[in-house]
Amino acid sequence: MMGPSHALSGAAVWLAGSWALDQFADYHQTPLALAVGTAVCAGGALFPDLDLSGKVTRNQGGATVARTFGVFSLFIAEVMEKISLGVYYATKLSRDPRRNNGHRTLTHTLPFTGLVGWGTTALCAHYGKWAVVSILFFMIGLALRGLFDEWAERAGWVIVTLASAAAAWFTFANLPGDRGYPLIGLAVGVGCFVHILGDMITRAGVPILWPIPIKRRMWLMVGLPNGIALRTGSKAEVIVLRAALTALAALAAVGLVAPSVLHRFNIEV
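Residues numbered from 1 in each chain as written. Predicted model: local features only at pLDDT ≥ 70, side-chain atom pairs only at ≥ 80, totals over all residues. Heavy atoms only, no water.

Caption draft 1: Examining the side chain of histidine 6 more closely. Residue position: histidine 6 is located in helix α1 (residues 3-24). Among the polar contacts made by the side chain of histidine 6, one reaches the side chain of aspartate 199 at a distance of 3.1 Å. With residues up to four places along the chain from it excluded, the contact list for histidine 6 reads Met1, Ala45, Leu46, Asp49, His195, Gly198 and Asp199. (Helix = DSSP H or I, 4+ residues; strand = E, 2+ residues; numbered from the N terminus. Polar contact = N/O pair within 3.5 Å; in protein donor to acceptor, adjacent residues only side chain to side chain. Contact = heavy atoms within 4.5 Å.)

Put into structure tokens, the structure is as follows:
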């Protein structure tokens, strides 16, 4: 899947899940908390693709999301790709093919998703609002790059960075103090998991079963059969899937912040 689809899926899943918690578990969130969770989950849904770098010194190539903060994020992607490739070769079995990059390996696994979610929660719990602001800055930047891809491409990474910093600072000024914000870690983890599910419906698949060895392969790519798999950039993704995700996100958001609007139009969600 393309970056905008990943980011939109993260936002839609978080809003839909928040609506379900509000309706069935009586768990209410403030509009700011909803906005923060949605942005972080949208950014988290792009985070696994920071394993595809390009030409760092030239600010070229790599995944689109890897250029969110210019050469800085490209360098992070370069490091992540090399770590992923190292883990691949350290754990591969005889039938695993040779690779020249680490894309769709370590960062596209369930252990990585759990580690990132837990690590984010631990940072927020230990360092409080400063950790929250730092994580928000990074995740909001990824979310902006994914949800508003054309604008971000025109504006450039400097504007995206400034917008992310402004949003993070606004959140810092308005969030209550003395809290660990465990939902931040959950949002990042959920976003990463949604990314994995999104790539599973494409032809390439993901190694979701790692590190379970199967038929002398540790990195078995799991995805839909080619006949029904989603082709990246196809009309099915760009038009149909994104329209469905947008509708889901919009209905969930309205149901959370203005349920009377839905009742006025006799819409039951």
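Caption draft 2: Broad picture of the environment of valine 71. Residue placement: valine 71 occurs in helix α3 (residues 71-91). Under the relative-accessibility criterion, valine 71 is labelled partly exposed at 30%. (Buried < 20%, exposed > 50% of the residue type's maximum accessible area, 1.4 Å probe, protein only.)

Caption draft 3: Region of the structure containing α3. In this model, α3 (21 residues) spans 30 Å end to end at C-alpha, consistent with the 30 Å of a helix rising 1.5 Å per residue. The complete set of buried residues in α3 reads Ser73, Leu74, Ala77, Met80, Glu81, Ser84, Leu85 and Tyr88. Seen end-on, α3 carries its buried residues on one side only, within an arc spanning 135°. Opposite the packed face of α3, turned more than 90 degrees from it, sit the exposed residues Phe72, Phe75 and Ala90. (Expected span 1.5 Å × (residues − 1). Arc of directions from axis to C-beta.)

Caption draft 4: Highlighting the environment of alanine 173. Within the secondary structure layout, alanine 173 lies in helix α7 (residues 157-174). Since its relative accessible area comes to 56%, alanine 173 is described here as exposed. Residues alanine 173 and lysine 55, spaced 118 residues apart in sequence, show a C-alpha to C-alpha distance of 37 Å.

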